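Notes for the structure review
Next come the chains, spelled out residue by residue.
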Number of protein chains: 2
Amino acid sequence: MAEASDFKAEPPEGIDTLGASSEGASLYQLIREDIIDGRLAANERLVVTDLARRHGTSTNPVREALQLLRGEGFVTFVPNRGARVRPIDQDFVRDIYEIGVLIEPALTRWFVNMATVEDIAELERIQGLIEENNFADTFRHSELDTAFHTVMYQRHYNRHAAELWWKHREVLRAVSRRFNFTLARRAAIIREHRELIAHVKAGNADEAAELIARHVEGSGRHVLEHMRARNAARAG
Amino acid sequence: MAEASDFKAEPPEGIDTLGASSEGASLYQLIREDIIDGRLAANERLVVTDLARRHGTSTNPVREALQLLRGEGFVTFVPNRGARVRPIDQDFVRDIYEIGVLIEPALTRWFVNMATVEDIAELERIQGLIEENNFADTFRHSELDTAFHTVMYQRHYNRHAAELWWKHREVLRAVSRRFNFTLARRAAIIREHRELIAHVKAGNADEAAELIARHVEGSGRHVLEHMRARNAARAG
DNA sequence: ACGCGCTAGATCGTACATTGTTTATCGAAA
DNA sequence: TTTCGATAAACAATGTACGATCTAGCGCGT
């Protein structure tokens, strides 16, 4: 985590992102990304035979991948009628952001009290990269922003909460990648990140937590506005 | 929800508790309960062939059930080495309670602002049954207590949060069923429930939320103390 | 037009082949 | 004799193929 070119977002340690089997792993990830990135439409049927053919395997790995996705909430099942894509709509995104608003402040509070000099240096390094990039490459920004928050939550003792955050984050990252940042939002992100670092340095846990709550809420509002606008455009 | 004998805890609407396939459904539930109730030891290997034989099916339904459980976090997988039971230890329970402390107040706040006369009547009815039972039948208390909180969270617009709460609740219900309630805890539960109803009636959302936070935290502390004691006894 | 039955297609369960891992046994060296 | 190492055999996970069961959609008959 010291290379200047290192900006690929990594999950917090101890969280298994891989699928079960060698074949199943890629299948799981492929289908999942197809759902999150919107290549598979909402409520679309997931026919096992088709997926198997498309990915060049037999049906069994597909079935297991679908069950895994079901457990994670990305597909729904009706007995004897197969699987469907759970729609990642505004409600879904709103729900996730609201949970983030509740959980992230607590994670942040802990981080502020446990942050080392190296942590702060890492935060500032990533923040430097974020400002250097300055939203020119939105994909890169997305990765950097995720990395920024990962530094804070990575080592939290509540692995369950960290895992939850990461899973939500993966969805939101994919969703927000579809939109551009408004100028107001860009400014807010830079400002709030700087403020956050200042709070961490000063050890102001409460202020940091409160700031994160606003940060996440602002981020959610921003994405939801975009989704709403796009939906309106599509409908009109 | 009007019969006096109705005290079986039901999940909030819109949450699919059933497994995928007819056979797979029961398999999923059986294995899950074996894990939660502790009949399957922590980190125990889950051999597909064994489970299939034991439940009188072939391996495929077992594999799918395991993947489903993996997605829900009850089972861990290592490629080519199969599945293991994720230990439901003190850390796990603590993590879940801490998330509850963060989420439930928000759910409660919403409920207080949306509660109908019928909701309050239902709360009072269940509370009456709880006090009538007075912890004589701990299983029954567990169900009633779950029903009490379900009334509050059932119709929350954030389905994701409600679902999360329910999943956590199912685990905690099974864990806490193993222990008896201390007298202090019994008194606290009755008192806090009554207080909560009063807050709901008065429309004091903030007070109710704050009370729930304490309620959940107290419940968590109680269970964790029991677990700690049992572990100490086992080790000594 | 409406209902009934049939057929196409998909899910679900079983059986089997393949691949990788673990364990036990045997042999050689210390 | 013991210990280490290699090899082989048992075992279990993963992938493939197939048959049974269920659903849905279409056409036919009334």
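Residues numbered from 1 in each chain as written. Chains lettered and ligands numbered in written order. Predicted model: local features only at pLDDT ≥ 70, side-chain atom pairs only at ≥ 80, totals over all residues. Heavy atoms only, no water.

When you go through chain A residue by residue, the secondary structure sums to nine helices and three strands. For chain A, the spread of C-alpha atoms along the three principal axes comes to 60 × 45 × 30 Å. Put simply, 73% of the contacts in chain A that link residues at least 6 apart link residues at least 24 apart. Entry remark: accessible area of chain A is about 10900 Å², with carbon and sulfur atoms responsible for 51%. (Helix = DSSP H or I, 4+ residues; strand = E, 2+ residues; numbered from the N terminus. Contact = heavy atoms within 4.5 Å. Areas by Shrake-Rupley, 256 points an atom, 1.4 Å probe, with all protein chains shown as cover.)

Residues and elements named next belong to chain A. For chain A, the domain assignment lists domain 1 (22–85) and domain 2 (90–235). The gap between the C-alpha centroids of domain 1 and domain 2 is 29 Å. Opposite the six residues of domain 1 that make contact, domain 2 presents five residues. Summed over both sides, the interface between domain 1 and domain 2 buries roughly 490 Å², with carbon and sulfur atoms accounting for 53% of that surface. Three residues stand out in domain 1 for area buried against domain 2, namely Arg32, Ile36 and Asp37, and they jointly supply 67% of the buried area on that side. Counting every contact that joins domain 1 to domain 2 gives one salt bridge. Linking Glu170 and Arg32 is a salt bridge whose minimum nitrogen-to-oxygen distance equals 3.0 Å. Inspection of the region where domain 1 meets domain 2 yields two residue pairs in polar contact (both at pLDDT 80 or more). (Domains from an automatic or database assignment. Buried area = accessible area lost by both parts, 1.4 Å probe. Salt bridge = Lys/Arg side-chain N within 4 Å of Asp/Glu carboxyl O. Polar contact = N/O pair within 3.5 Å; in protein donor to acceptor, adjacent residues only side chain to side chain.)

Here the focus is the packing of helix 5 (residues 117–133) of chain A against helix 6 (residues 138–153) of chain A. All names here are of chain A. Helix 6 packs onto helix 5 with a crossing angle of 165 degrees between their chain directions and a minimal axis gap of 10 Å. Considered as vectors, helix 5 and helix 6 are oriented roughly antiparallel to each other. In the packing of helix 5 onto helix 6, the handedness of the crossing is left-handed. In this structure, helix 5 uses Asp119, Glu122, Leu123, Ile126, Gln127, Leu129, Ile130 and Asn133 to contact helix 6, whose residues at the interface are Arg140, His141, Leu144, Asp145, Ala147, Phe148, Val151 and Met152. Residue composition of the contact of helix 5 with helix 6, grouped by class: nine nonpolar, three polar and four charged. (Axes fitted to C-alpha atoms, helices over the stretch in contact; angles between N-to-C directions. Parallel < 35°, antiparallel > 145°, perpendicular 65-115°, else oblique. Left-handed = near helix turned anticlockwise from the far one by under 90°. Nonpolar A, V, L, I, M, F, W, Y, C, P; charged D, E, K, R; others polar.)

Time to look at the relation of the copies chain B and chain A. Superposing chain B onto chain A takes a rotation of 180 degrees plus a shift of 0.0 Å along the axis, which leaves an RMSD of 0.1 Å. The superposition of one copy onto the other is thereby described by a two-fold rotation axis. When each C-alpha of chain B is compared by its distance to the rotation axis, Gly71(B) comes out closest, at 2.0 Å. An overlap of 100% is found between the interface residues of chain B and their copies at the interface of chain A, pointing to a shared contact surface. (Least-squares fit on C-alpha atoms with pLDDT ≥ 70 in both.)

Right, let's get into the interface of chain B and chain A. Counting residues at the interface gives 33 residues for chain B and 33 residues for chain A. Both sides of the chain B and chain A interface together cover about 3100 Å² of buried area, and 50% of this is carbon and sulfur. Counting every contact that joins chain B to chain A gives two salt bridges. Across the salt bridge formed by Glu64(B) and Arg63(A), the nearest N and O atoms sit 3.5 Å from each other. Among the secondary structure elements, those contributing two or more residues to the side of chain B that touches chain A are helix 3 (59–72), helix 4 (90–114) and helix 7 (159–176) of chain B.

Residues and elements named next belong to chain A. Tracing the sequence through the fold places Asp145 in helix 6. Residue classification places Asp145 among the buried positions, given a relative accessible area of 10%. In this structure, Asp145 is in contact with Ile130, Arg169 and His193, ignoring residues within four places of it in sequence. (Buried < 20%, exposed > 50% of the residue type's maximum accessible area, 1.4 Å probe, protein only.)

Residue and element names in this part refer to chain B. The terminal C-alpha atoms of helix 8 (residues 183–202), which comprises 20 residues, lie 29 Å apart, in line with the 28 Å expected from a rise of 1.5 Å per residue. Looking at helix 8, one finds that the buried residues are Arg185, Ala188, Ile189, Ile190, Glu192, His193, Leu196, Ile197, His199 and Val200. Along its buried surface, helix 8 packs onto helix 4, helix 5 (117–133), helix 6 (138–153) and helix 9 (205–235). Positive phi shows up at Gly203, right after helix 8, with a value of about 75 degrees. (Expected span 1.5 Å × (residues − 1).)

All right, on to the pattern of salt bridges then. Residue and element names in this part refer to chain A. A complete count under the given rule lists 39 salt bridges over all chains for this structure. In this structure, the salt-bridge partner of Arg155 is Asp119, at a minimum N-O distance of 2.8 Å. One end of the pair, Arg155, is in the loop between helix 6 and helix 7 (159–176); the other, Asp119, is in helix 5, with 36 residues separating them in the sequence. The exposure class assigned to Arg155 is partly exposed, which follows from its relative accessible area of 38%.

All names here are of chain A. An order of 1-3-2 is seen for the three strands of this open sheet, with the pairing classed as antiparallel. Bordering the open sheet on either side are strand 1 (45–46) and strand 2 (75–78), each of which pairs with just one other strand. Inspection of the sheet shows strand 2 paired to strand 3 (residues 82–85) by four bridges, in the antiparallel sense. Bridging across to strand 3, Thr76 finds its partner in Arg84. The strands touched by helix 3 (residues 59–72) are strand 1, strand 2 and strand 3; relative to strand 2, the strand with the most contacts, the crossing angle is about 110 degrees. (Pairing = 2+ DSSP bridges.)

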